[in-house]
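Reading the structure
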Amino acid sequence: MNTTIWILQGIVATALIASGFIIMLLPKEKLTPKLSWVEEYSDTMRYLICTSKILGGIGLIVPMYLGILPILTPIAACFIALFMLFAMRYHILHKEYKDIPATIVFFILAIVIAYFRF
């Protein structure tokens with residue numbers, strides 16, 4: 001079971017870190033057609049959201065792998081789950097129903113990781 005949770009952590013961390021860097025580094029004009037929220041928020045808020053995703057992904061792996069404050073791994077998973085709840089709320093309010101299933105999957109994965117790591 002430990003190996004399965006590590007694999008889940010790796011998948012979620014990779015997705016968060018990659019999407020965080022992509023959204024942070026690409027210009028707003030390229031992101032807007034696929035990510036409507038980018039247009040609604042300032043660049044500062046976009047960088048804050050992306051930094052949160054990157055740090056959350058790092059928090060899923062590094063503390064437990066290094067054995068330095070491993071309690072931070074399930075805490076990071078809880079914050080990722082909360083982050084996904086906010087993302088779901090945004091998508092529901094803006095009637096972006098096609099984006100909700102992926103958010104639900106990441107929410108569930110974060111909850112599973114938090115449960116097994118606490």
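See the structure shown above.
Residues numbered from 1 in each chain as written. Predicted model: local features only at pLDDT ≥ 70, side-chain atom pairs only at ≥ 80, totals over all residues. Heavy atoms only, no water.

**Quick notes on the overall build of the protein chain**
- A tally of regular secondary structure across the protein chain gives six helices and zero strands.
- Moving toward the C terminus, one meets the helices and strands of the protein chain in the order α-α-α-α-α-α.
- Taken over the C-alpha trace, the protein chain has a radius of gyration of 15 Å; the compact-globule value for 118 residues is 13 Å, and the two agree within 12%.
- In terms of principal-axis extent, the alpha carbons of the protein chain reach across some 40 × 25 × 20 Å.
- When the 118 residues of the protein chain are sorted by exposure, 35% land in the buried category.
- Surface exposure of the protein chain reaches about 7200 Å², of which carbon and sulfur atoms provide 75%.
- Counting 9 positive and 6 negative side-chain charges, the protein chain places the averaged centre of each group 7 Å from the other. (Helix = DSSP H or I, 4+ residues; strand = E, 2+ residues; numbered from the N terminus. Rg over C-alpha atoms; globule rule 2.2 N^0.38 Å. Buried < 20%, exposed > 50% of the residue type's maximum accessible area, 1.4 Å probe, protein only. Areas by Shrake-Rupley, 256 points an atom, 1.4 Å probe, with all protein chains shown as cover. Lys, Arg positive; Asp, Glu negative; His and termini not counted. Charge placed at Lys NZ, Arg CZ, Asp CG, Glu CD.)

**So, unusual backbone geometry**
- A positive phi angle, close to 50°, is found at Leu 69, a residue other than glycine.
- Inspection of the secondary structure assignment puts Leu 69 in the loop between helix H4 (43–66) and helix H5 (72–93).
- With a phi angle near 55°, Lys 95 is a residue other than glycine that sits in the positive phi range.
- Its location among the elements puts Lys 95 in the loop between H5 and helix H6 (100–117).

**Examining the nonpolar core**
- Residues Leu 8, Val 12, Leu 16, Leu 60, Ala 77, Ile 80 and Ile 113 are the most contacted members of the largest nonpolar core, which totals 14 residues.
- For this core, the secondary structure elements donating two or more residues are helix H1 (2–25), H5 and H6.
- It is H1 that provides the largest number of residues to this core, a total of five residues.
- Every residue in contact with Ile 113, bar those within four places of it in the chain, is listed here: Leu 8, Gln 9, Val 12, Leu 60 and Ala 77. (Core = buried A, V, L, I, M, F, W, Y, C linked by side-chain atoms within 4.5 Å. Contact = heavy atoms within 4.5 Å.)

**Focus on the layout of surface pockets**
- The calculated volume of the largest pocket comes to roughly 990 Å³.
- Lining the largest pocket are 34 residues, with Trp 37, Lys 53, Phe 83, Ala 87 and His 91 positioned closest to its centre.
- Contributions of two or more residues to the lining of the largest pocket are made by H1, helix H3 (36–40), H4, H5 and H6. (1 Å grid on protein atoms, 1.4 Å probe; cavity = no way out; pocket = protein on both sides within 12 Å on 5 of 7 lines; lining within 4 Å. Points joined across faces, edges and corners; volume = space filled by probe spheres on them.)

**Some details on H5**
- Along its 22 residues, H5 runs 31 Å from first to last C-alpha, staying within 8% of the 32 Å computed at 1.5 Å per residue.
- Tucked inside the fold, the buried residues of H5 contact H1, H3, H4 and H6.
- Once H5 ends, the next one or two residues include Lys 95, with phi positive near 55°. (Expected span 1.5 Å × (residues − 1).)

**Points about H1**
- Here H1 spans 34 Å end to end across 24 residues, near enough to the 34 Å set by a 1.5 Å rise per residue.
- When H1 is considered as a whole, its buried residues turn out to be Ile 5, Leu 8, Gln 9, Val 12, Ala 13, Leu 16, Gly 20, Ile 23 and Met 24.
- Those residues of H1 that are buried lie in contact with helix H2 (28–31), H3, H4, H5 and H6.

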